[in-house]
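Now for the letters of each chain:
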Amino acid sequence: MNIKGASEAAATQSEREALGCGFARVQSVFDDCLAYARGKLSAEGITAYIEGAHAICKMGRGEEPVLLFLEEMPQVASQLGEAVIPDVVAFTRRLARTPNSAAIAPFLQSLAAAARALESRELFNEYLNLVMQTLERTTPRVHGIDSMYSSPCLPDFLKSVPFLLGQLSLGGLRNWVEYGIRSYASDPDRQRDYFLLQSADSRAVLQRERHGTLLVDHERKLDLYLRGLWLTEANFMPYSLAFDTLRKPVPYLDHLGIHLPDVYDDFISPSPSGGGAGGGGSERQRVRGSPLSNSPPQSGREGERLPSGEIVISGLDRYRALLAHIHAHRLWTTPIQADNLSPFQRLAIEIFEDSRVEYLAMREYPGLRALWSALHLAPKEGACPEGWSGLRHRLFTLSRALLDPQHGYLNPALLKYAGLFHAAMEAGNTRTDTMIELGVNFIAETRVPGDFNASIYFADTEVGYRDDNRLMWKFFEEGDEEETASQKVKPQRIEEASDEKLPPRLYPEWDYIGQHYRPDWVSVYEHLHRSGDAAFIDRLLARHSALARQLKKIIDLLKPQHKVRIRYQEEGTELDLDIAIRSLIDFRCGITPDTRINMSHRSDGRSIAVSLLLDLSASLGDVPDGCSQSKLELSQEAVSLLAWAIEEMGDPFAIGGFHSNTRHEVRYFHFKGYREHWDFKVKERLAAMEAGYSTRMGAAMRHAGHYLAHQQADKKLLLILTDGEPSDIDAADPRHLVEDARIAVRELDQKDIYPYCISLDPKAGEYVAGIFGNRYTVVDNIRRLPEQMTKLFLALTR
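**Student:** Any chance you could explain the pairing of strand S4 (residues 236-239) here in plain terms?
**Tutor:** Remark: a regular strand shows side chains that alternate across the two faces of the sheet. Burial of the side chains of S4 extends over both faces: Phe 236 and Pro 238 are buried on one face and Met 237 and Tyr 239 on the other. Where S4 lies against strand S6 (residues 257-261), four bridges are found, and the strand directions are parallel. Its bridge partner being in S6, Met 237 is matched across the sheet by His 259.

Here it is, written out as structure tokens:
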């Protein structure tokens, strides 16, 4: 990451005037937020962004909503489109006009998680509607008239939304909300417990609704599937099947991307019986593993065969089948004019074209036949009752026959056209135009008067992995000069993404009451620390020259003594005589000599990377009893001596510091990077070290761990030097940040990072063990901090 951060793109005076917000904390982060927004939004988007922040500031609800809008909106707008900015501002105004102003901050906090989970404007608008319906239905009323009381559970619901959208589809979330509203309509206290996920009913309903395969959980796999098999990429635009009850949406492709369901249940395919007996498949709800339960997923493995002979197709495989079919259209379908064809003819042509592109895809990847055959229902021949239109049933019977050579159907016309299709495909060089003749002739030859009946027989005619074929057709009235969604969408080749600045970096925070993470809760801003006088650090080190000589002897003993030769080097520390002589002989014999005639050495037996994290909160400026130096100056001495020792050992290490001013402003300062040496530049930064603000330790540890995890080392050590327990001015519950720090330590363990705390707080025994377990040291005599800290490091890395 570019440590210079947002300072390269400070706000202009006119932009500050347009913001028109006098809150000091808003002004302190505005430059960073605006720099981030400029990397995400157009000039028009930046204008809407600043105007939106101004509007929210003038609502008179404090600085919290403005800070949240500035932090969350660039990511939301880049994901859903810049037109979403005025929609969010208008919705926030609606909240501000009601007694529910306390819900504004949780609502804005939920936007980034909602945008990531829903990924489309349509679903996002449904989410806004769901929030408003929850507000209206949970607000107390007196004799049917809106009262002046706020909804008791709306803020709690919005705080739970990021976690819920990570577990449920939007339809599942709606059902979960509906249960809470109806079941506890007359008991606000129990309703609050429900929306806070603290009641047994709440978790039971959550488990019940957690069925199927969520697109958001597997989007990366599906993206890699498209890249790996088809060398292409596409935007996924999910929609929900829960809100369109009159007309069930069908997947489709347009200029925005591939529109597909946000969740797929497992599909139970009937056992292959042959003979054209047919039979419909069904969807089976799959209960997915939950952090609230230790039970494993209750579904079969992908492609599992049940005792009855039925085959279970997982939701992930259903997504793969859909993407393979749509991409086959992208490769091989050419749009054709629709105006001169009847609806019956167009449907028949679509059936033949679907089968053609699937035939071509199966020729490249034969395994697709088994997947598509399992998902394509087999209509029963002659099943259409009297008085119903059987055209659709007849066409999908033909579709099954074109896909499955063992279809077992006996209808002469169906067998004839299946034979004509396969003969055309085996001859090669087929195009979309070839399918027009087959489709038109099939309709003309098999048409019966009953096809025009109003009642259409739909049984076993839904093929869930196929799209609506809108990309196949073009119409005269659209005009040649107009770019429309029905025109062919060209596959986009993979390109390198351009570099972007990413201030601020957002981190989750653990909510120990709700037992879940608050996503994107803390904003961490990075800075390269300003410089001071390097001679000040040299003077501090001179005080410990005797200790340095003593440590030098220990370090020399701990240094790896064994050297390993690295041969065949173009450049090295010395000449490799064996290789050099061989190359000379080759040269004399007229053979091209090997130019790798040098060698170098590396130490064998020590692979350690160290990150030193300093708590720079205001209490560091205090002078302990019995000392003439402040804790800040003692920390500078200790860190300088430790840095010198680590440099002598040859281990890569970094030095960072942090303080916080609420969750919206955690400042992380870089004093030394892993590739920097212990030199005057690093000393200049350490000399200018200052103390201020509070200690939001969990976010700082996650950030330091992020960089340490990328180091190539067998052992990774994170040393935290602090003088107090985690705290911040916006954390009313003192246990909240302690619990978050404990979870952060657990996360570091999972990344194979060893965190160790050195505390200067004599009361640390009351809380530090709960965070770090037995991996901590409390320095009783703070005057001996430089000596104890360095010896402790040598002991930990021995």
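**Student:** Would you mind showing me how to read the sheet that holds S4 here?
**Tutor:** Within a sheet, adjacent strands bond to each other through the backbone by hydrogen bonds, running parallel or antiparallel. Strand order in this open sheet of three strands is S4-S6-S5, and the pairing throughout is mixed. Pairing within the sheet leaves two strands with one partner each, and these edge strands are S4 and strand S5 (252-254). Within the sheet, the average angular offset between the axes of one strand and its neighbour, ignoring direction, is 25°. Taken strand by strand, helix H13 (residues 315-332) contacts S4, S5 and S6, and its axis lies near 150° from that of S6.

**Student:** What should I look at first to understand unusual backbone geometry in this one?
**Tutor:** Glycine aside, negative phi is the norm for most residues, and most peptide bonds take the trans geometry. The phi dihedral of Leu 231 falls on the positive side, at around 55°, and the residue is not glycine. Tracing the backbone through its elements, the reader meets Leu 231 in the loop between helix H12 (215-230) and S4. Its identity as a non-glycine residue notwithstanding, Tyr 568 has a phi of 55°, on the positive side. Within the element layout of this structure, Tyr 568 appears in strand S15 (residues 562-569). For Tyr 568, a relative accessible area of 35% gives the class partly exposed.

**Student:** Teacher, can you tell me more about the packing of helix H16 (residues 391-403) against helix H17 (residues 412-427) here?
**Tutor:** Geometry of a packed helix pair, given as the angle between the helix axes and the separation of the axes. Where H16 meets H17, the closest approach of the two axes is 10 Å, and the angle between their N-to-C directions is 45°. What the angle tells us is that H16 and H17 run oblique. Crossing hand, H16 versus H17: right-handed. Listed contacts from H17 to Thr 397, Leu 398, Ala 401 and Leu 402 of H16 are Leu 414, Tyr 417, Ala 418, Phe 421 and His 422. Here the contact of H16 with H17 is composed, by residue class, of seven nonpolar, two polar and no charged.

**Student:** Sorry, what's going on with the sheet that holds strand S22 (residues 753-759) here?
**Tutor:** If you trace the eight strands from one edge of the open sheet to the other, you get S13-S14-S20-S19-S18-S21-S22-S23, paired in mixed fashion. Edge strands, defined here as strands with exactly one partner in the open sheet, are strand S13 (505-511) and strand S23 (776-778). On average, each strand axis in the sheet is tilted by 25° relative to the strand beside it, whichever way the strands run. Pairing of strand S18 (residues 608-615) with strand S21 (residues 715-722), which is carried by seven bridges, proceeds in the parallel orientation. Within S21, the residue paired with Ala 609 across the bridge is Lys 716. Against the sheet, helix H23 (residues 680-687) engages strand S14 (516-528) and strand S20 (666-672), with an angle of about 145° to S20. Of the strands in this sheet, S13, S14, S18, strand S19 (653-660), S20, S21 and S22 touch helix H24 (residues 697-708), which is tilted by about 150° from S21.

**Student:** I keep staring at the pattern of salt bridges and nothing clicks. Help me out?
**Tutor:** It is possible for side chains of opposite charge to pair when their charged atoms get near one another. Tallied over the entire structure, the rule returns 39 salt bridges. Here Arg 518 ties to Asp 511 by a salt bridge, and the two come within 3.4 Å at their closest N and O atoms. A relative accessible area of 12% places Asp 511 in the buried class. The shortest N-O distance in the salt bridge between Glu 690 and Arg 530 comes to 2.7 Å. Of this pair, Glu 690 sits in the loop between H23 and H24 while Arg 530 sits in the loop between S14 and helix H19 (534-542), and the two are 160 residues apart along the sequence. Look at Arg 530 and you get partly exposed, because its relative accessible area is 47%. Taken together, the shared-partner salt bridges in this structure form one network comprising Glu 509, Arg 696, Asp 728 and Asp 730.

**Student:** Where do I start with the environment of Ala 383 in this structure?
**Tutor:** Within the secondary structure layout, Ala 383 lies in the loop between helix H15 (368-375) and H16. Judged by its relative accessible area of 27%, Ala 383 falls in the partly exposed class. C-alpha of Ala 383 to C-alpha of Arg 394: the two residues are eleven residues apart in sequence and 9.7 Å apart in space. Residues within four places of Ala 383 in sequence aside, it is in contact with His 393 and Tyr 457.

**Student:** Looking at this structure, I do not really get helix H21 (residues 577-588). What am I missing?
**Tutor:** Spacing of three or four residues puts side chains on the same side of an α-helix, whose turn is 3.6 residues. The end-to-end C-alpha distance of H21 is 16 Å, a good match for the 16 Å that twelve residues give at a rise of 1.5 Å each. For H21, the complete set of buried residues consists of Ile 579, Ala 580 and Ser 583. An end-on view of H21 places all buried positions within 100° of arc, on one side of the element. Among the exposed residues of H21, those oriented more than 90 degrees off its buried face are Leu 577, Asp 578 and Arg 588.

**Student:** Help me out: how do you make sense of the pairing of S18 in this one?
**Tutor:** The element S18 is extensively covered by neighbouring structure, given that eight of its eight residues are classed as buried. Where burial is concerned, the two faces of S18 agree: the one with Ile 608, Val 610, Leu 612 and Leu 614 and the one with Ala 609, Ser 611, Leu 613 and Asp 615 are both buried. In terms of strand pairing, S18 meets S19 through six bridges, oriented parallel. Bridging from a neighbouring strand, Leu 612 pairs with Ile 655 of S19.

**Student:** I tried to follow the packing of aromatic side chains on my own but got confused; where do I start?
**Tutor:** What describes a pair of aromatic rings is the distance from one ring centre to the other and the angle between the planes of the rings. Enumeration over the complete set of coordinates arrives at 19 aromatic pairs. Geometrically, the ring pair formed by Phe 157 and Phe 195 is edge-to-face, given 5.6 Å between the ring centres and 75° between the ring planes. With a gap of 38 residues between them, Phe 157 in helix H8 (residues 154-165) and Phe 195 in helix H10 (residues 188-195) connect regions that are remote in the sequence. Each member of the pair, Phe 157 as well as Phe 195, is classed as buried. Seen from their ring centres, Phe 352 and Phe 442 are 6.4 Å apart, and the 75° between their planes marks the pair as edge-to-face. With Phe 352 in helix H14 (residues 343-364) and Phe 442 in helix H18 (residues 432-446), this pair connects stretches of sequence that are 90 residues apart. The burial state of Phe 352 is the same as that of Phe 442; both residues are buried. An aromatic cluster of at least three residues, connected via ring pairs, comprises Phe 157, Trp 176, Tyr 179, Tyr 184, Tyr 194 and Phe 195. For the cation-ring pair, Arg 470 lies above Tyr 252, with the distance from its terminal atom to the ring centre recorded as 3.6 Å.

**Student:** Even after reading the chapter, I still don't get the nonpolar core, so can you show me in this structure?
**Tutor:** Burial of nonpolar side chains together is a common tendency in soluble globular proteins. Counting residues in each nonpolar core, the largest one holds 73 residues, and the members touching the most others are Tyr 49, Phe 69, Tyr 127, Phe 157 and Trp 176. Considering every element that reaches this core, the biggest residue donor is helix H6 (residues 104-118), with ten residues. With sequence-adjacent residues up to four places away left out, Tyr 49 is seen in contact with Cys 33, Leu 34, Ala 37, Leu 41, Phe 69, Leu 70, Met 73, Pro 74 and Ile 85. If you look at the next biggest cluster of nonpolar residues, it comprises 57 residues, including Ala 328, Val 357, Met 362 and Leu 403.

Basis of the calculations
- Residues numbered from 1 in each chain as written.
- Predicted model: local features only at pLDDT ≥ 70, side-chain atom pairs only at ≥ 80, totals over all residues.
- Heavy atoms only, no water.
- Buried < 20%, exposed > 50% of the residue type's maximum accessible area, 1.4 Å probe, protein only.
- Helix = DSSP H or I, 4+ residues; strand = E, 2+ residues; numbered from the N terminus.
- Pairing = 2+ DSSP bridges.
- Axes fitted to C-alpha atoms, helices over the stretch in contact; angles between N-to-C directions.
- Contact = heavy atoms within 4.5 Å.
- Parallel < 35°, antiparallel > 145°, perpendicular 65-115°, else oblique.
- Left-handed = near helix turned anticlockwise from the far one by under 90°.
- Nonpolar A, V, L, I, M, F, W, Y, C, P; charged D, E, K, R; others polar.
- Salt bridge = Lys/Arg side-chain N within 4 Å of Asp/Glu carboxyl O.
- Expected span 1.5 Å × (residues − 1).
- Arc of directions from axis to C-beta.
- Phe/Tyr/Trp six-rings, centres within 6.5 Å; stacked < 30°, edge-to-face > 60°.
- Lys NZ or Arg CZ within 6 Å of the ring centre and 35° of its normal.
- Core = buried A, V, L, I, M, F, W, Y, C linked by side-chain atoms within 4.5 Å.

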